[in-house]
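# Summary of structural features
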Amino acid sequence: MKRIIGFIFLFQLLLPSFVKGQDISLFNQLNGRYDFTFIGNTLNPDENVFQYPTFLYTQSSATLNLQSNDNVIAAYLYWAGSGSGDLDVKLNGVDMTPDILSNVVGTSSNLTYFSAFKNITNFVQTTGNGTYTLSDFDLNSLVTTYYNNATQFAGWAILVVYENPSLTLNQINIYQGLEALSPNYPTIDSKTISLNNLYLISNTGAKIGFIAWEGDRFIQQSEQLSFTSNGNTNILSNSINPSNNAFNGTNTETNSIVLYNMDLDVYSIENYIVPGTTAATVSLQSAQDYVMLNTIVTKLNSQLPDATVVTSNPITNCNSREVTIDFTVSNTNSTEILQSNTPITFYADGQAVGTTFTQNSIPIGGSENGVFTVTIPSSVPLIFNLLAVVDDAGNGIGIVTELNETNNTFQLPIELIVSPEVNSLENLISCNLGLTRGHFDFSSYENIVKTNPTHVVTFHENYSDANTGINPIFNSNNYEALTTPKEIFIRIENEFCYTITSFQLLTENCPPTIYNAVSPNNDYSNDTFYIEGLRDIFVNFKLEIYNRWGKHLWTGDNSKPDWNGYVADGIGEKIAPSGTYFYILYLNDVNYPEPLTGYLYINR
């Protein structure tokens, strides 16, 4: 005859899910003046034997009787049995559907068994002490399928973690998973479960608890439960759980020996564990029963802080390698205060960049906020991960012994802000309109300077305006520079930062335009020999006028008005008559070393 033994599968998820076998590992850890207990009941009317019993109850009850100063911290409901799972049961008339449903298949029978879990903390906190009845749990349609190997079973249990101010500061560890033994009599099969992340101050009151299904008091074929700590292995047993029959339909919380086909058992491990212990193992072996392992609960006296850190709200500035971080150091899941001056070191891609310290002692369940600025070395790329490590002075070694040494870090992705890249611009050159004044069109530079079409470009007359983004130039297509050289500043912005670049407006002395028709009749049109682009540009020019026979008639420069045909030193007539004359124009400019020559015509 084969049997199935199962530890309840404990999960705490928000959405229902289905899982298959997985290794048991730490699921939840609660620290405080806490202890735990079990209540529950079977739906089997008697011990299972071949083809008996032929039915299962559909409901049963159990009583929760906590002390008046016990405060419920957590409560979990489990129900298990033959088949793939009853997903619609009631507890005190309230519908319960599992958060987690787990299945395992027996290798010899190829039959499926299930365990279900639901977090009912709020329900138990509201209901309090009294009778709890699980109903509408009906597996009778499966009895004849399972009773040939006597594995027709059903039952339920509630694990309650509670707080009492008179308790020592304890650590409650809940380990979960789903592992199965496959014994083949007389060959023994076994499983060993690691219980890690322990820390023990005192072994007083140390205990370990199990919830097991379908244990049969008459099967004792090498069925053994043992606990190993610090290299010492001890078989777990008590007055109603012998060393060769750990799962035998008992409840050590009530001393019941008729909890058919399920066990709610707690064992003292005071003599099996020593202060300072950080890990242990539980081993289960069987030569005849199928065994489902789901959850183990320990209570150990442990008075230690547990520092955690969270960072947020990174602030970076344009073209700066400084990062300002908000951080919160918490001592939430602890049994002792966290001392002041606990270090927090920040790492940028693995490189330590700064250390700060907590300012005050942080009480159990408390936290402290802080702000810290780090400077990121140039060797760190612009995009990196900033890791905060509490209880680390920069050498990777903690100064505080904690309940949990694996939850001291928090990582945040950071991107430093840098100015957008720009294209270089050439200086603009325009003709000198006089005294270095010039007109310019630099509107095309708006697109030329961009390396990204989304960048925003504005032109400014000085650096201060460009830096603050005020007083932009609006007439970039027809800008007049009163004097040159004139520097124009460009602000190029993306959504995070900006760049300022500039170019020069320059003027050059362009060749003058000579109007060679003169009609000095005082009609205000061509009354003088006018040369455009000469005065205030070629300020040192010299102009000479000759008649057709080469006689010099007039000399002018920037101090004289334009020639109107008057010959001051002429013999006879002082007015040059109509006709053709010749000029020599010396610009006296390094770019025009040779004089300009030509003719003009006077028409009177």
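The paragraphs below set out a description of the structure included in this document.

Parameters at a glance
- Residues numbered from 1 in each chain as written.
- Predicted model: local features only at pLDDT ≥ 70, side-chain atom pairs only at ≥ 80, totals over all residues.
- Heavy atoms only, no water.
- Pairing = 2+ DSSP bridges.
- Helix = DSSP H or I, 4+ residues; strand = E, 2+ residues; numbered from the N terminus.
- Phe/Tyr/Trp six-rings, centres within 6.5 Å; stacked < 30°, edge-to-face > 60°.
- Buried < 20%, exposed > 50% of the residue type's maximum accessible area, 1.4 Å probe, protein only.
- Axes fitted to C-alpha atoms, helices over the stretch in contact; angles between N-to-C directions.
- Polar contact = N/O pair within 3.5 Å; in protein donor to acceptor, adjacent residues only side chain to side chain.
- Contact = heavy atoms within 4.5 Å.
- Core = buried A, V, L, I, M, F, W, Y, C linked by side-chain atoms within 4.5 Å.
- Patch = residues over 30% accessible without salt bridge, like charges linked within 9 Å, V, L, I, M, F, W, Y side chains within 5 Å.
- Areas by Shrake-Rupley, 256 points an atom, 1.4 Å probe, with all protein chains shown as cover.
- Salt bridge = Lys/Arg side-chain N within 4 Å of Asp/Glu carboxyl O.
- Disulfide = S-S within 2.5 Å.

Here we have five strands laid out as an open sheet, ordered S35-S40-S39-S37-S38, and mixed in their pairing. Each edge of the sheet is formed by a strand with only one pairing partner; in this case those strands are strand S35 (517-518) and strand S38 (552-557). Of the strand pairs in this sheet, S35 and strand S40 (residues 596-602) are connected by two bridges, and their pairing is parallel. When the sheet's bridge partners are listed, Val 518 is paired in S40 with Ile 602.

This part is about the packing of aromatic side chains. Given two aromatic rings, their pairing is described by the distance between the two centres and the angle made by the two planes. Taken as a whole and judged by the stated rule, the model has 21 aromatic pairs. When the centroid spacing of 5.8 Å and the interplanar angle of 35° are considered together, the rings of Tyr 78 and Phe 117 count as tilted. Taken together, the residues span a long stretch of sequence, with Tyr 78 in strand S6 (residues 71-82) and Phe 117 in strand S10 (residues 112-119) at a distance of 39 residues. Residue Tyr 78 is classed as buried on the basis of its relative accessible area of 1%.

Here four strands make up an open sheet; going across it, the order is S28-S33-S32-S30 and the pairing mixed. What marks the edges here is a single partner per strand, and that holds for strand S28 (428-431) and strand S30 (456-460). The average angle at which neighbouring strand axes cross in this sheet is 25°, direction not considered. As paired strands, S30 and strand S32 (residues 486-493) are joined by five bridges and run antiparallel to one another. Note that in S32 the partner of Val 456 across the bridge is Glu 493.

This part covers the side chain of Asn 331. With respect to the helices and strands, Asn 331 occurs in the loop between strand S22 (322-330) and strand S23 (343-348). In this structure the side chain of Asn 331 is engaged in a polar contact, spanning 2.7 Å, whose partner is the backbone oxygen of Glu 336. Only 3.4 Å separates the side chain of Asn 331 from the backbone oxygen of Pro 363, close enough to count as a polar contact. Setting aside residues no more than four positions away along its own chain, Asn 331 makes contact with Pro 305, Asp 306, Ala 307, Glu 336, Ile 337, Leu 338, Ile 362, Pro 363, Ile 364, Gly 365 and Gly 366.

Another aspect to go through is unusual backbone geometry. Note on backbone geometry: most residues besides glycine have negative phi, and most peptide bonds are trans. The omega torsion of the bond from Tyr 52 to Pro 53 falls at 0°, within 30 degrees of zero and hence cis. Here Pro 53 is to be found in the loop between strand S4 (34-42) and strand S5 (60-64). Across the junction of Thr 484 and Pro 485, the peptide omega takes the value 5°, indicating a cis bond. Residue placement: Pro 485 occurs in the loop between strand S31 (479-481) and S32. Although it is not a glycine, Asp 536 sits at a positive phi angle of roughly 65°. Following the sequence through the fold, Asp 536 ends up in the loop between strand S36 (531-532) and strand S37 (542-547).

Moving on, we come to the nonpolar core. In this structure, Trp 79 and Ile 158 are the most contacted members of the largest nonpolar core, which totals 31 residues. Elements represented by at least two residues in this core include exactly S5, S6, strand S7 (89-91), S10, helix H1 (121-127), strand S11 (130-135) and strand S12 (154-163). The element best represented in this core is S12, accounting for five residues. Residues Leu 30, Ile 174, Leu 178 and Leu 264 belong to the second largest nonpolar core, which totals 29 residues.

This next bit is on a nonpolar patch on the surface. Residues Leu 382, Ile 383 and Val 418 make up a contiguous nonpolar surface patch of roughly 250 Å² in combined accessible area. Note on placement: Val 418 falls in the loop between strand S27 (409-415) and S28.

What follows covers the pattern of salt bridges. Throughout the structure, instances matching the rule amount to nine salt bridges. With its nearest N and O atoms 2.8 Å apart, the salt bridge here joins Asp 35 to Lys 207. Here the residue Asp 35 occupies a position in strand S4, and Lys 207 occupies one in strand S15 (residues 202-213), the gap between them amounting to 172 residues.

One pass over the full model with this rule turns up two disulfides. Note on cysteine connectivity: Cys 318 is disulfide-linked to Cys 497, with sulfurs 1.4 Å apart. For the disulfide bridge between Cys 318 and Cys 497, the dihedral angle about the S-S bond is near 55°, and by the sign convention the bridge is right-handed. Of the two residues, Cys 318 sits in the loop between strand S21 (308-316) and S22 while Cys 497 sits in the loop between S32 and strand S33 (498-508), which places them 179 residues apart along the sequence. Here Cys 431 is linked by a disulfide to Cys 510, with a sulfur-sulfur distance of 1.9 Å.

In short, geometric facts, not functional conclusions.
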